[in-house]
Amino acid sequence: MGQTDTPFIVFGYGSLIFKPPPQVIAQVPGFLKGYVRRFAQKSHDHRGTPENPGRVVTLIHKEEWDKFSGSDAFPHDDIVWGIAYTIDPAYEAEVRDYLDYREKDGYTMETLDIYGVDEQGAEKVIIQNCYVGRNDNPSFGHRIWKSVGPSGRNKDYLYKLAESVRDLSPSSYDSHLYALEAVVRNLDGQNPDVGSEAYET
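Attention in this report is confined to the structure presented alongside it. This one's a predicted model, so the numbers in the text were calculated from it and none came from an experiment.

What counts and what doesn't
- Residues numbered from 1 in each chain as written.
- Predicted model: local features only at pLDDT ≥ 70, side-chain atom pairs only at ≥ 80, totals over all residues.
- Heavy atoms only, no water.
- Helix = DSSP H or I, 4+ residues; strand = E, 2+ residues; numbered from the N terminus.
- Buried < 20%, exposed > 50% of the residue type's maximum accessible area, 1.4 Å probe, protein only.
- Contact = heavy atoms within 4.5 Å.
- Expected span 1.5 Å × (residues − 1).
- Pairing = 2+ DSSP bridges.
- Phe/Tyr/Trp six-rings, centres within 6.5 Å; stacked < 30°, edge-to-face > 60°.
- Lys NZ or Arg CZ within 6 Å of the ring centre and 35° of its normal.
- Axes fitted to C-alpha atoms, helices over the stretch in contact; angles between N-to-C directions.
- Parallel < 35°, antiparallel > 145°, perpendicular 65-115°, else oblique.
- Left-handed = near helix turned anticlockwise from the far one by under 90°.
- Nonpolar A, V, L, I, M, F, W, Y, C, P; charged D, E, K, R; others polar.

**Details of the environment of Pro20**
Part 1 of the reasoning: Relative to the elements of secondary structure, Pro20 occurs in the loop between α1 (15-18) and β2 (24-32).
Part 2 of the reasoning: The exposure class of Pro20 is partly exposed, given its relative accessible area of 40%.
Part 3 of the reasoning: When the C-alpha atoms of Pro20 and Ile83 are compared, they prove to be 9.1 Å apart, with 63 residues separating the residues in sequence.
Part 4 of the reasoning: Sequence-distant contacts of Pro20, defined by excluding residues within four places in its chain, comprise Tyr85 and Arg102.

**Focus: the environment of Tyr115**
Part 1 of the reasoning: Looking at where Tyr115 falls in the secondary structure, it is placed in strand β6 (residues 107-117).
Part 2 of the reasoning: On the basis of relative accessible area, Tyr115 is assigned to the buried category, the value being 19%.
Part 3 of the reasoning: For the pair Tyr115 and Trp81, spaced 34 residues apart in sequence, the C-alpha to C-alpha distance is 9.4 Å.
Part 4 of the reasoning: Filtering out sequence-adjacent residues up to four positions away, Tyr115 remains in contact with Gly30, Phe31, Lys33, Glu123, Lys124 and Val125.

**Details of helix α5 (residues 154-168)**
Part 1 of the reasoning: Look at α5: 21 Å from first C-alpha to last across 15 residues, which is about the 21 Å you get at 1.5 Å a residue.
Part 2 of the reasoning: With respect to burial, α5 is a largely interior element, eleven of its 15 residues being buried.
Part 3 of the reasoning: Of all the residues in α5, the buried ones are Asn154, Lys155, Asp156, Tyr157, Leu158, Tyr159, Leu161, Ala162, Ser164, Val165 and Leu168.

**Overview of the pairing of strand β5 (residues 80-87)**
Part 1 of the reasoning: The buried count for β5 comes to eight of eight residues, which makes it a mostly enclosed element.
Part 2 of the reasoning: Direction of pairing for strand β1 (residues 9-12) relative to β5: antiparallel, over a ladder of four bridges. Looking at β5, one finds that Gly12 is bridged to Ile83.
Part 3 of the reasoning: In the sheet, β2 pairs with β5 via eight bridges, with the strands oriented antiparallel. Pairing of Ala26 across the sheet is with Thr86, part of β5.

**Structural notes on the packing of aromatic side chains**
The geometry of an aromatic ring pair is captured by the separation of the ring centres together with the interplanar angle, meaning the angle of the planes.
Part 1 of the reasoning: Applying the stated criterion across every chain yields a total of four aromatic pairs.
Part 2 of the reasoning: Seen from their ring centres, Phe18 and Tyr157 are 6.0 Å apart, and the 75° between their planes marks the pair as edge-to-face. Residue Phe18 is located in helix α1, and its partner Tyr157 is located in helix α5; the two are separated by 139 residues in the primary sequence.
Part 3 of the reasoning: Judged by its relative accessible area of 23%, Phe18 falls in the partly exposed class.
Part 4 of the reasoning: Looking at Tyr157, the relative accessible area reads 5%, which means it is buried.
Part 5 of the reasoning: An aromatic cluster is present here, built from Phe18, Phe39 and Tyr157 joined pairwise through their rings.
Part 6 of the reasoning: In this structure, Arg96 packs its charged tip against the face of Phe8, placed 4.0 Å from the ring centre.

**Some details on the packing of α5 against helix α6 (residues 175-190)**
Part 1 of the reasoning: For the pair α5 and α6, interaxial distance at closest approach is 10 Å and the crossing angle is 135°. The orientation of α5 with respect to α6, classified from their angle, is oblique. In the crossing of α5 with α6, the sense of the turn from one axis to the other is left-handed. Side by side, α5 and α6 meet where Lys155, Leu158, Tyr159, Leu161, Ala162, Val165 and Arg166 of the first sit next to Leu177, Tyr178, Leu180, Glu181, Val184, Arg185 and Asp188 of the second.
Part 2 of the reasoning: Of the residues in the contact of α5 with α6, the class split is nine nonpolar, no polar and five charged.

By themselves, these are just geometric observations and shouldn't be taken as functional.
What follows is the structure in structure tokens.
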């Protein structure tokens, strides 16, 4: 793939927040409107196994989520905070290949409007690339709490993501993510050894 005049910018809203892609030359917190971040993507290869898939986050349009899950406690109050990474143009093809492999388990690349805030505090739109998965199943808590995969415990993914979103900006938040974190931490408090076993091949 040849280089273009447009920089390759990828928006991380899940594990890319706490495990960034390689060859980043700039990064800035940003947010996405009109979507929700939900643990609606099975993970067969990182936070679970084919026999016992874990759950990782994906983006779902709010209108689609409303049709999919009328029981969601936070259908309208969230924006999705994350980090916009600008990749060194000399390594664009290499990083695209890396991300395509890393996000191979059900994700596709899309171009979405990501908002940032300039030095004067005004919102600005940056067109960015984002890996989006398809919605799957809204029953997450116990599976996240118990699942373990080659990349570690599923609950650690949740805890790291919640902590990372809190650290993005003074105004960054995700009420659904924090509520799910509280549920899983409560399960941890009742039986902290569940999900602590090492992954075995």
